[in-house]
Amino acid sequence: MALIEFTKRGIYCKQGDFYVDPWWPVDYAVTTHGHSDHVRFGNKHYLCHTLTKPIIKRRISEDLDVETLNYGESTVRNGVNISFYPAGHIIGSAQVRLEYKGEICVISGDYKIEDDGISDVFEPVKCHSFVSESTFGLPVYKWQKQDIVFDKIKSWVSDNIPQQKTSVLIAYSLGKAQRLIKNLAGDVPIYVHNSIANLNEVIINAGVNLPETIRITPETTKDELQKGIVIVPPAMRDSRWIKNLSHPVTGICSGWMQVRAHRRWQSADAGFALSDHADWTGLMDAITATGAEKVYVTHGFTAAFSRFLNDEGIESEEVMTKFGQEDDEENKVDLIDTENLNTETENQTSV
Amino acid sequence: MKRFAKLIQQLELSNKTNDKIAALVDYFNYADDKDKIWVIALFTGKKPRRPIKSALLKYWAIEITQTPDWLFSESYSNVGDLSETIALLLPPAENTSDFQLHKWIEDLHDLEGKDDETKKSFILNAWNTLETQERFIFNKLISGNFRIGVSNKMLVNALAKQSSLDSAQIMHSIMGKWNPYEITFTELINGTHVNTDNSWPYPFCLAYALEQEPEKLGDISEWQAEWKWDGIRGQIVKRNGELFIWSRGEELVTEQFPELHFLIDVLPDGVVLDGEILAVQEKQVLSFSTLQQRLNRKTISKKQLEDAPIGFFVYDILEFEANDYREQPLSERRKILEQLIGGLDESAVILSPVVKCKTWEELAELRQTSRSINSEGIMLKKLSSHYHSGRKRGDWWKWKINPYTVDAVMIYAQKGSGRRANFFTDYTFAVRDGENLVTIAKAYSGLTDKEIKEVNSFVTRNAIEKFGPVRTVKPELVFEIAFEGIAESKRHKAGLALRFPRILRWRKDKKAAEINTLEDLRQLLASTFIND
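All values derive from a computational prediction rather than experimental measurement.

**Some points on the overall build of chain A**
Okay, so step 1: If you tally the helices and strands in chain A, you get ten helices and 19 strands.
Okay, so step 2: With 351 residues in all, chain A has 54% of them scored as buried.
Okay, so step 3: The contacts of chain A with a sequence gap of at least 6 include a subset with a gap of at least 24, amounting to 59%.

**Focus: the overall build of chain B**
Okay, so step 1: What chain B contains, in helices and strands, is 20 helices and 23 strands.
Okay, so step 2: Among the 532 residues that make up chain B, the fraction classed as buried is 38%.
Okay, so step 3: Contacts in chain B between residues at least 24 apart in sequence constitute 70% of all its contacts with a sequence separation of at least 6.

**As for helix α10 (residues 152-163) of chain B**
Residue and element names in this part refer to chain B.
Okay, so step 1: For α10, spanning twelve residues, the distance from its first C-alpha to its last is 16 Å, which sits close to the expected 16 Å at 1.5 Å a residue.
Okay, so step 2: All of the buried residues in α10 are L155, V156, N157, A158 and L159.
Okay, so step 3: Within two residues after α10, S164 carries a phi angle of roughly 60°, on the positive side.

**Quick word on the nonpolar core**
Okay, so step 1: V96(A), L169(A) and I231(A) are the most contacted members of the largest nonpolar core, which has 150 residues in total.
Okay, so step 2: Setting aside anything within four residues of it in sequence, one finds L169(A) in contact with L180(A), I229(A), V230(A), I231(A), G251(A) and C253(A).

**Examining the pairing of strand β15 (residues 229-232) of chain A**
Residues and elements named next belong to chain A.
Okay, so step 1: Burial along β15 is two-sided: the face carrying I229 and I231 and the face carrying V230 and V232 are both buried.
Okay, so step 2: Strand direction decides the pairing type here: strand β12 (residues 166-170) and β15, joined by four bridges, are parallel. Bridge pairing links V168 to V230 in β15.
Okay, so step 3: Where strand β13 (residues 190-192) lies against β15, three bridges are found, and the strand directions are parallel.

**Focus: unusual backbone geometry**
Residues and elements named next belong to chain B.
Okay, so step 1: Look at E321: it is not a glycine, yet its phi comes out positive at around 50°.
Okay, so step 2: Here E321 lies in the loop between β8 (310-320) and β9 (323-324).
Okay, so step 3: For E321, a count of 10 C-beta atoms within 10 Å gives the class exposed.
Okay, so step 4: Not every positive phi belongs to a glycine, and N374 is a case in point at roughly 60°.

**Side note on the environment of L525(B)**
Residues and elements named next belong to chain B.
Okay, so step 1: By the element assignment, L525 lies in helix α20 (residues 518-529).
Okay, so step 2: Judged by the 19 C-beta atoms lying within 10 Å of it, L525 falls in the partly exposed class.
Okay, so step 3: Here the alpha-carbon distance between L525 and I486, two residues 39 residues apart in the chain, equals 6.0 Å.
Okay, so step 4: For L525, the residues in contact, after removing those within four places along its chain, are I486, E488 and L496.

**Overview of the confidence of the model for chain B**
Okay, so step 1: For chain B, per-residue confidence averages 87 on the pLDDT scale, and 95% of positions sit at 70 or higher.
Okay, so step 2: This prediction of the complex comes with two scores: 0.69 for pTM and 0.87 for ipTM.

**A few points about the sheet that holds strand β5 (residues 45-49) of chain A**
Residues and elements named next belong to chain A.
Okay, so step 1: Ordered in space as β1-β2-β3-β4-β5-β6, the six strands form an open sheet in which the pairing is mixed. Both edges of this open sheet fall to β1 (5-6) and β6 (66-69), since each of them pairs with a single strand only.
Okay, so step 2: Bridge count between strand β4 (residues 28-30) and β5: three bridges; the pairing is parallel. Bridging across to β5, Y28 finds its partner in H45.
Okay, so step 3: Along the sheet face, helix α1 (residues 52-59) touches β5 and β6 and points at about 130° away from the line of β5.

**Let's talk about α1(A)**
Okay, so step 1: Counting buried residues along α1(A), six of its eight residues qualify, which places the element largely inside the surrounding structure.
Okay, so step 2: Along its buried surface, α1(A) packs onto β5, β6 and α4 (194-205) of chain A.

**Focus: the sheet that holds strand β12 (residues 375-382) of chain B**
All names here are of chain B.
Okay, so step 1: An order of β2-β14-β12-β3-β11 is seen for the five strands of this open sheet, with the pairing classed as mixed. Only two strands of the sheet have a single neighbouring strand rather than two, namely β2 (208-209) and β11 (354-355).
Okay, so step 2: Strand contacts of helix α18 (residues 360-367): β3 (223-229), β11, β12 and β14 (396-400), with the helix running at about 150° to β12, the strand carrying the most contacts.

**Here we look at the pairing of β6(A)**
Walk down a regular strand and you will see the side chains alternate between the two sheet faces.
Residues and elements named next belong to chain A.
Okay, so step 1: Pairing of β5 with β6, which is carried by four bridges, proceeds in the parallel orientation. Looking at the pairing, L47 lines up with E67 of β6.
Okay, so step 2: In this fold, the crossover linking β5 to β6 by way of α1 has right-handed handedness.

Criteria and cut-off values
Residues numbered from 1 in each chain as written. Chains lettered and ligands numbered in written order. Predicted model: local features only at pLDDT ≥ 70, side-chain atom pairs only at ≥ 80, totals over all residues. Helix = DSSP H or I, 4+ residues; strand = E, 2+ residues; numbered from the N terminus. Buried ≥ 20, exposed ≤ 12 C-beta atoms within 10 Å, placed from the backbone. Contact = placed C-beta atoms within 7 Å. Expected span 1.5 Å × (residues − 1). Core = buried A, V, L, I, M, F, W, Y, C linked by C-beta atoms within 7 Å. Pairing = 2+ DSSP bridges. pLDDT = per-residue confidence, 0-100. Axes fitted to C-alpha atoms, helices over the stretch in contact; angles between N-to-C directions. Right-handed = clockwise from strand over helix to strand, strands pointing away.

Shown next, in the form of structure tokens:
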């Protein structure tokens, strides 16, 4: 009997009687990471990685009942062994490994292969069945090494400053923002929006080594910002606040920026193809490394990616989930709910 | 090539004219002279001949990446551009190259007539030495157009800024006939080639749409009113015993219109006329759909010549006795034109009449009759106006009559291409025919980005069937479709076709039950047919 089934509440493990990243409230929710399409309000108990705990407490509620595991640690629930392995997506992101009577299933949530310098690096886990995302499951999505992309961003910033332009990077508060901070920190001061600063605080308190940034307050002058790098969440994108900066130029950091059509549609001044999701090669490598006999393909180019796997002799099935629908700005580009930017809960207008 | 790749990227990323001009000026300051020539050629649509079919590029890309056909198509439909899809699919280049743009173009040119194996090894080698963005451009050189929102005017402004030469002169120069393989950059922008070339046209003077009350333009006696004809704007050039016909698209179309060739014997040398190419019978203008039978054809049959005879309605004279008359006031130019053309008794070349009215009200009333003579409204030109290069606000206005409109329901949606590759932006509309819905038009644009997102969301939620990129959707959203004309059509199920349909607005207040019927359109067709 299979270890997981896809129900209307989410991915369910019948043997252990728990869910992984459910989208309707359940008793026991195993959580891959802190993005809000993977962890929702209303579950009785949560199990997540140690670093994810303070994040979801901050983002959802301090009252959550949360158990934690570190990578490599395990717990048993109704005879099902649950353990966590790094997914490399964002800080605290985990692949969930389930084992029951010798049968192993890995639910990877969102993942990327490249070391981003701030999340623990993705670790392939041998399994019988594997649940994989496919956000960028088309062969046109192949990333350049992040060093190259960060060099592009840095040179964009250093072109902007002498031209009196203010460099504004649009990045999701959880994940992309910290990755940018970690890799861009240096001579140019980094100014961050409240919602990012709040999360940074939580992350630093949890023991992550994050370079120093400056929280933007009403006292921060336009002149200071012009000489720095400004990072704001997607909800701020078309805000008056940005328009009022001194010659603002916006840069979007997202895997979608790989394609001209997306770059132009976004009407940003610059697009940098920097993603926290695996590219085509990454997805294929990860899947091959698991040795899985069966691959469930969730959110993304599910149909194409699943068909390709089947053609390659890897049994695969596309699964409808509610992942990739709300939170992660990378999923937002061609999704419906672009108006619904209600994920940035903390004071986005107070800046 | 790297510099050009960077230019393209800059042009694509900005929506601001000033940024684009700055990027172009920067490019023209530093790029190789031979490259500059090609950039001007590419941006003004002077494409080098294509030595290789795009189907072959696709085939080779599929072969070396071992991408299944269907996966290539999926990728293509996500990316929305063939050249770019190939550029992104290929593995990273193993070598680098500092070849300049013109070198690539010349090398591609040299491939002409070579066998497929030679072509293939050249292309594969090129792909393996170019970065993704350069590769994309390289592929575009072979298979596509550079549609990056640089108008001729913008290009000319940048060149003028960079060279401190007069923009009209540059426009004049780059619009003429020149060979990018032979001309130098200095020759090109100084226009040394145009003097020796009998064919060169002038930049057309264009009008803005009148958005205010005509009364605000002042005294009607200072204005010349003409009918606005709905055809192909053209320029007829007669110099040194040669005759040339240019279309507004800067194409030489002389061969397409034999009816006008007699002018070579009638017009004196050193004359350039501005006017409209129209389907004309017994000095009456026929509908645009009649004219369409004659457009973009390599050969013309006797029947086509009989069914859709061509005429030229003359608006203006730009050159007379080999002198540039564009700085003369319109009133003076019109006098010369009347002497030159008014005397001709030709059914194919007619002086476009001036509409004489004493008051704006009288003119407004007359304007309402435009459709009865297949005109689309009134042109207003200041009698004292010069013949400007391009669009200039103030002296010339087009005062068009309102378009026809029909309320129709959306039944199919398709993803767009390019910038819109991931949104459903191309819609097919239907009207009611008894119990059924029958398609009458396909249209895109006309909606705001926000509305497109809303429609996109509707399509995603209400798709009934999926045929490749097309979705059949629940007939629920009603749109007001504007169009310029209507014609019988055997190709369309409705038996008629709309000309230039576009979305005027989204009628959220209307239900699908309230849309127009096919009978409504048939009646409209019957009423316009009488005038043909």
